[in-house]
Each structure stands twice: as C-alpha cells, then as structure tokens.
Amino acid sequence: MDFKTKLIHAGVKIDPQTGSILTPIYQSTTFVQKSVDEYLSKGYSYSRSANPTVRALEEKLTMLEGGYDCTCYSTGMAAIQAVLQSCLSAGDHAVVSDVAYGGTYRLCTKVYERFGVEFTFVDSASPKAVHNAIRDNTRLIFTETPANPTLKLTDIRAISDIAQLKKIPHAVDNTFLTPYYQRPLEIGADLVIHSTTKFFDGHNATVGGAVIAGSQNLDEAIRFIQNASGVIMSPWVAWLTLQGTKTLSVRLDQQSANAQEVARFLENHPKVKMVAYPGLESFKQHELAKSQSDGFGSVLSFEVNGGIESGKSLMDSVQLCALAENLGSVETLITHPATMTHADIEESERKRIGIKDGLVRLSVGLEDPIDIIADLEQALKGV
Ligand SMILES: Cc1ncc(COP(=O)(O)O)c(C=O)c1O
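Every value quoted in this text rests on a predicted model; they were computed, and no experiment measured them.

## Observations concerning the site of the ligand
If you check the shell around the ligand, you find 13 residues, and the closest are Thr-75, Gly-76, Tyr-101, Ser-195 and Thr-197. When the residues that make up the shell around the ligand are grouped by side-chain class, the tally is three nonpolar, eight polar and two charged.

## Quick notes on helix 12 (residues 307-317)
Those residues of helix 12 lying buried are Ser-310, Gly-311 and Leu-314. For helix 12, the angular spread of buried residues about the axis comes to 100°, placing them on one side. Looking at helix 12, the residues exposed on the side facing more than 90 degrees away from the buried face are Glu-309 and Asp-316. Tucked into the core, helix 12 has its buried residues touching strand 9 (299-304), strand 12 (359-363) and helix 14 (369-381).

## Quick look at the sheet that holds strand 3 (residues 118-122)
What the seven strands build is an open sheet, ordered 1-7-6-5-4-2-3; its pairing is mixed. Both edges of this open sheet fall to strand 1 (69-73) and strand 3, since each of them pairs with a single strand only. Strand-to-strand twist in this sheet, taken as the mean axis angle between neighbours without regard to direction, amounts to 20°. Here strand 6 (residues 191-195) pairs with strand 7 (residues 209-213) via five bridges, running antiparallel. In the sheet register, Ser-195 faces strand 7, and the bridge partner there is Gly-209. In the packing of helix 3 (residues 76-87) onto the sheet, contacts are made with strand 1, strand 4 (138-144), strand 5 (170-173), strand 6 and strand 7, and the angle to strand 7 comes to roughly 40°.

Cut-offs and rules
- Residues numbered from 1 in each chain as written.
- Predicted model: local features only at pLDDT ≥ 70, side-chain atom pairs only at ≥ 80, totals over all residues.
- Near = placed C-beta within 6 Å.
- Nonpolar A, V, L, I, M, F, W, Y, C, P; charged D, E, K, R; others polar.
- Buried ≥ 20, exposed ≤ 12 C-beta atoms within 10 Å, placed from the backbone.
- Helix = DSSP H or I, 4+ residues; strand = E, 2+ residues; numbered from the N terminus.
- Arc of directions from axis to C-beta.
- Contact = placed C-beta atoms within 7 Å.
- Pairing = 2+ DSSP bridges.
- Axes fitted to C-alpha atoms, helices over the stretch in contact; angles between N-to-C directions.

Given below as structure tokens:
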C-alpha cells in the first residue's frame, strides 16, 4: 500500500458483527474468556493491557513508521516517560538533544535525576558533540528533530550510526514531521516517539502519545512498562486519533505550503529579525532537511525586533491566530516559548540554546494563508 492508502486503511478491520467501516469504540474494561485453557484466545483480557480500539491505532502507526510494533499512551509525555523507564536505571546516563520540548527537559531534570539517572544535554546537530558526550554508562540517545521551538535539526542517520557502533538505542521524537514526511526507523533509529496530540489528531481534540519500536526486544521492554505503570491511551482518544490520521497527508501538505508562504512574508518584514523554517533557503540546515525528510512541516519560529515586549505585544494583538500552547492543528496557533512551553528551562540554559525572550513559535493551520498573513501584518504594526 502507498503511504496515503495506509493512512486510511492500515490497522482498520471492518467490524465482523455489524459491517461498521469505522473501528468501534470498545469502551470496556473487561473481556470475558471462553475457558481457562483458552485464556486470551481473542487477544484481550483487561483494557490496561490491551484494548481493540487502541490496538487498531497501534497497528496503523506501526505500519506508517515501518516499525516492529507500537504502544499508545495517555500523552506524548507518557510516551517519553515509557522510553526513559524502559532504557534507564539508577546510575545510567542518557544523551539528550539540548533543544527539545520543555516538558522533556523537565521530566529528565526534575524527575529522573532524582532517581539517580544522569543526563547530558548536547547540541545534537553536531554528531561529534553527541559522540563526545557518550560515557561507559550511556544507555540512551534521545533526539528531537525538528526541535521545538528553534527547529534545529539532528542528522538522524549520523547519530544512529554512532548509536549502533556504541550499541545504544537511539530514540527520535518525530512529532513535528510525522512519518508522512520523516521515517527515522528507515534511516537507522531504534525508537520513534510521537505526541499524537499534535498532527495525528490535528483538531485540538485529544492528548495522546505513541512509541514505535524498531525491534521486538525494545517493544517488549516498553510494553512491559506501559502495562506495569498503566500510562495507557483511552479507547475514545484512540478512536478520534484514528479519524484524524486519515487526513494527515492532505492537512500536512496544505499546512506546510501555508507555512512556507507565511515564512517568506515574515522573512521580508522589516520588524522581523530572524525566521527559522527548514523550508527557507536561508535556514542553516536546509540541505539536511531536504535530504532526510519529504517535507518541511507547518511549524516555524521567528524573532521580532525589540525582544520580549515586542513578542508579547505581537501575541496580544493577533486576532485570527490563537494564543495557545498546542501545535499541529488545523487552527493557526501562536506561542511564546520563554513564558509558555519552555518556561521550566532555566533562563541561562534557554539563552544558551537559542530560545530568546523575543522568540515566537507559530504553528500554521489550514486557514487561507492570505488571512494568516493579514493578521500577522496588522499585529506587527503595533510592535
Ligand atoms: C515535540 C514534542 N514532543 C512531546 C510533547 C509532549 O506531548 P504531550 O503534550 O502530548 O504530552 C510535545 C508537546 O508539545 C512536543 O512538542
């Protein structure tokens, strides 16, 4: 099946009882067994361990990423937590992209460090820096690319080569591009993570997460954590995410085309100091973006002249763009990372990794780009 056909059909079976074309919402805790000897003969016993609606989504995401299997979670953070728990124990060390979603940094530094796990946050755009950060006790390399919110890219193949040589799993947070544009497992990564809250859902309706493992060993270790800790996805969320996923390719293509237009507009605006969008020729890693992904995505960030006050004033003046934390939805959302999504990162660390006070993140939606640009233009007048 072609990727776009998989988006519609992979993992979905016509309901044998009723012919329902949509996978039903199996809102049931419990699945009755035929006999002790035939325990689990239909595959399900208790919804913390497995649920048929969630399973349909897991099978779809496995096929889309080209993995061995997938586990789904209550949020993207729960998915990241399952990866950390399955790969790391007290005394272990992990190498993590210095630019990543703020919640990832918070989970590592405020939770896992308390349990004796050590982290090095490294410029993962530099394979040499990643290589140099590896220690004898390193058990995980975790990268996010493109990274939230600066869009910095990691060369997935180069880091996976290092990981393979050192026999350390490489996990990639692929939330920003989804497998429609980027498939890390095909170029050497071992695990792929998603906040399904973003592009898979696409409609600001749910929070959810997924981990797609490239091998049976890793999948079993993660599935054990999922069941043991109970950080599962609900059947309702899985059902909504299944519907959202069907339109992923058309949404992402159009939103990315819109983002390209908005990025060009911002790049030529006198009040804008800098625009980071992998689709722009001026983007430092534009060639890497072209070589490892099939599209540039719909998220960009930019800095307005005048620092934090100008950034805040812009965000308070937009009318169509919504001032909100999410990304990847059909609505255009605007965010101030320093005070919102990345507020838990210490100021000095934020500055070091390029999350300036005046940085604005824009997740471009499905509205007509003419209207998005007109809104930004009127808001920029007051800056
Ligand atoms: C790249 C990335 N990964 C993970 C997450 C966490 O996902 P969730 O909010 O679903 O827990 C986010 C949230 O913004 C994100 O942007």
